[in-house]
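# Summary of structural features
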Amino acid sequence: MSANRPAAVVVLAAGEGTRMKSATPKVLHDICGRSLVGHVLAASGELEPENLVVVVGHAREQVTAHLAEVAPGARTAVQAEQNGTGHAVRMGLEELGVSVDGTVVVVCGDTPLLTGETLRRLSATHSADGNAVTVLTAEVPDATGYGRIVRDEASGAVTAIVEHKDASPEQRAIREINSGVFAFDGALLAGALKKVRTDNSQGEEYLTDVLGILREAGHRVGASVAGDHREIAGINNRVQLSQARRILNDRLLTAAMLSGVTVVDPATTWVDVSVTFEQDVVVHPGTQLHGATHLAEGCEVGPNARLTDTLVGAGARVDNTVASGAEVGPEATVGPYAYLRPGTRLGRKGKIGTYVETKNASIGEGTKVPHLSYVGDATIGEFSNIGAASVFVNYDGQDKHHTTVGSHCRTGSDNMFVAPVTVGDGAYTAAGSVITKDVPPGSLAVARGQQRNIEGWVARKRPGSAAAKAAEEAVRGSAEEG
């Protein structure tokens, strides 16, 4: 366990986020498979804090329900009225109910790019320097609008955080800014929060006022500089949301490529944080990988595939496919233009081809469903072939029923399998058949009307038509040849 393990992490997630212009609370907006606050909680969790407290306020029922799913060990504190960041932290400490002995790290719930590594450095710097408070800062290309970090030239200690509107020309030239993320001595923080005043333009308790209070009391205020200024970016509108998504996506793809994955076009490839890869995977352009998707060694996915919670086996190929909750076996092929719905299981060297939809279907090793078919609520054995334009008729309008096709079967094109029905091992079915009864192993099932030809029908029913003229010429030509 880390020697710099904090006593508590307090996550501020009470704000409304009006600039998002959304019915969804700001901190619940999603990027790369996690909510904004979910990313912050993941980074905070790397510190292994003794306590994790999330301060909620706006839409707190929604936020609290989400927290129960993504961070069941987190506690929540309610800030019923948004009276400033200092007030929010005070609510968080009150939730703990006891004096906090140790480091308290305060983070914002809308900074999804913040990493656990940066928080660990902040906590380590705080402990090593013996600070009362340590500010996470960043050097930015353009500091306009940010609070500037003013340091003592001799000691490097932070002497003030000056807001942009209050800064002198010399202070505005400073590019080191306040991130809003801090590490505090818990006992000193609790005492200082009681002294924070509200005689400001907003009538709120500002957390940054604690720095001045502690410094005036003779305590040291230090700083830890983030390695990448983009980590501290907060999300306030949809533009910033999309920018953060691109940065995080690039970060994830870079990690994948460095681990041995070929991403042909990172600009058009999107992944969630929960996606995993093995070596020598190839991801083609236009691919989206979501949820608990896993790509095994040497498989190829894309172009233009969207996989969610899908496992792709070693050496498999998935092309122009939408899949959710599916498993593609090793060396199998899927697509192009296939739709694999939840419960699809394709065996080793199996094939789901063009314009095929599957759902709750187990398809055995070496079995092929090549094209234009629907396979739902079915089990198909090994090394069988399902003819084109086949439909597994699984729904009677009220209940779903199961179809079983055995191993080494050959079913004809344009077959309807009306469930519940079983086709035994080694059986064949004739093209155009509607299979409503079980087919014994090794049998040929023929279930179609006998063909009859009504000669002269076109001439009688469609006289003068192009078809009638063509038929007349064909008959004449046959007679002349005869």
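For the structure, check the block above.
Residues numbered from 1 in each chain as written. Predicted model: local features only at pLDDT ≥ 70, side-chain atom pairs only at ≥ 80, totals over all residues. Heavy atoms only, no water.

## With respect to the nonpolar core
Core analysis: the largest hydrophobic core is formed by 44 residues, its most contacted members being Leu295, Val301 and Leu307. Breaking this core down by element, the ones donating at least two residues are α8 (238–258), β25 (338–340), β27 (351–363), β28 (368–380) and β34 (421–423). Once residues within four sequence positions are removed from consideration, leucine 307 is found in contact with Gln288, Leu289, His290, Thr293, Leu295, Val301, Val312, Val318, Thr321 and Ala323. (Core = buried A, V, L, I, M, F, W, Y, C linked by side-chain atoms within 4.5 Å. Buried < 20%, exposed > 50% of the residue type's maximum accessible area, 1.4 Å probe, protein only. Helix = DSSP H or I, 4+ residues; strand = E, 2+ residues; numbered from the N terminus. Contact = heavy atoms within 4.5 Å.)

## Quick word on the pairing of strand β8 (residues 148–151)
Summarising the sheet, β8 and strand β9 (residues 158–162) pair through four bridges and their orientation is antiparallel. Considered in β9, the bridge of arginine 151 is made with valine 158. Once β8 ends, the chain turns through six residues before running back antiparallel as β9, passing glycine 156 with a positive phi of about 80°. (Pairing = 2+ DSSP bridges.)

## Some remarks on the layout of surface pockets
Within this model, the second largest pocket holds a volume of roughly 220 Å³. Around the second largest pocket, the lining comprises 15 residues; the ones closest to its centre are Arg34, Glu46, Leu114, Thr115 and Arg251. Residues of the lining of the second largest pocket, tallied by class, amount to seven nonpolar, three polar and five charged. (1 Å grid on protein atoms, 1.4 Å probe; cavity = no way out; pocket = protein on both sides within 12 Å on 5 of 7 lines; lining within 4 Å. Points joined across faces, edges and corners; volume = space filled by probe spheres on them. Nonpolar A, V, L, I, M, F, W, Y, C, P; charged D, E, K, R; others polar.)

## Focus: the packing of aromatic side chains
Aromatic ring pairs are defined here through the distance separating the ring centres and the angle between the ring planes. Using the criterion set out here, one finds three aromatic pairs in the structure. Relative to tyrosine 355, the ring of tyrosine 337 lies with its centre 5.5 Å away and its plane at 15°, an arrangement referred to as stacked. Of this pair, tyrosine 337 sits in the loop between β24 (333–334) and β25 while tyrosine 355 is found in strand β27, placing the two residues 18 residues apart along the sequence. Geometrically, the ring pair formed by phenylalanine 392 and phenylalanine 417 is tilted, given 4.9 Å between the ring centres and 35° between the ring planes. Here phenylalanine 392, found in strand β30 (residues 391–393), pairs with phenylalanine 417, found in strand β33 (residues 416–418); they are 25 residues apart in sequence, far enough to count as distant. For phenylalanine 392, a relative accessible area of 1% corresponds to the buried category. Classification of phenylalanine 417 as buried rests on a relative accessible area of 0%. (Phe/Tyr/Trp six-rings, centres within 6.5 Å; stacked < 30°, edge-to-face > 60°.)

## Thoughts on the side chain of glutamate 231
Here glutamate 231 shows up in the loop between β11 (221–225) and α8. Here glutamate 231 is in contact with Thr111, Leu113, Leu114, Thr115, Thr118 and Arg251, once residues within four sequence places are set aside.

## Concerning the pattern of salt bridges
Under the criterion given, the structure shown has 16 salt bridges. Here arginine 121 ties to glutamate 117 by a salt bridge, and the two come within 3.2 Å at their closest N and O atoms. Pair noted here: arginine 121 and glutamate 117 are both in helix α4 (residues 116–129), with a separation of four residues, about one helical turn. In this structure, aspartate 228 and arginine 230 form a salt bridge, with 3.0 Å as the shortest nitrogen-oxygen distance. Of the residues examined, aspartate 228 reaches a relative accessible area of 24% and is grouped as partly exposed. Arginine 230 gets classed as partly exposed once you look at its relative accessible area, which sits at 38%. The network of salt bridges with common partners includes Arg90, Glu94 and Glu205. (Salt bridge = Lys/Arg side-chain N within 4 Å of Asp/Glu carboxyl O.)

## Some thoughts on the pairing of β27
Pairing between β24 and β27: two bridges, direction parallel. In the strand pairing of β27, valine 334 is matched with isoleucine 352. Bridge count for strand β26 (residues 345–346) against β27 is two bridges, and the pairing is parallel. Bridge assignment links leucine 346 to a residue of β27, and that residue is isoleucine 363. Where β27 lies against β28, 10 bridges are found, and the strand directions are parallel.

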